[in-house]
Amino acid sequence: MPKSATPKPVKDLNYEQALAELEGILSALENDQKSLDESMKIFERGQALVARCNELLEAAELKVKKISGDALIPFEDDSS
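All of the points below concern the structure found in this document. Computed from a predicted structure; not experimentally measured. (Residues numbered from 1 in each chain as written. Predicted model: local features only at pLDDT ≥ 70, side-chain atom pairs only at ≥ 80, totals over all residues. Heavy atoms only, no water.)

On a plain count of helices and strands, the chain comes out with two helices and zero strands. Residue burial in the chain is summarised as follows: out of 80 residues, 18% are buried. The contacts in the chain between residues at least 6 apart in sequence include a share of 66% that link residues at least 24 apart. Carbon and sulfur atoms form 56% of the exposed surface of the chain, whose accessible area is close to 6,500 Å². (Helix = DSSP H or I, 4+ residues; strand = E, 2+ residues; numbered from the N terminus. Buried < 20%, exposed > 50% of the residue type's maximum accessible area, 1.4 Å probe, protein only. Contact = heavy atoms within 4.5 Å. Areas by Shrake-Rupley, 256 points an atom, 1.4 Å probe, with all protein chains shown as cover.)

Further remarks concern the environment of Glu 16. Note on placement: Glu 16 falls in helix α1 (residues 15–31). Glu 16 gets classed as exposed once you look at its relative accessible area, which sits at 56%. Along the chain, Glu 16 and Cys 53 lie 37 residues apart, while their C-alpha atoms are 8.6 Å from each other.

The next point concerns helix α2 (residues 36–67). Between its first and last C-alpha atoms α2 spans 46 Å; for 32 residues at 1.5 Å apiece the expected length is 46 Å, and the two agree. The inward-facing, buried residues of α2 abut α1. (Expected span 1.5 Å × (residues − 1).)

In structure tokens form, the structure reads like this:
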């Protein structure tokens, strides 16, 4: 999450954007020495990003079920 720029609202992010920002937050929390207040703000943003990713994945799953008539097609592994 850039320090100088105001982050884009979570609801406006697509899955790839939210996941990339979430990975950056995870790295920052693991590697940087931040104040407790700053760490909490970053953590809260991360929680919102996780919720957004879940929301988008659920929407994609519903779309796939709708297209496939609620019968998911099993994945065939051709590596045997």
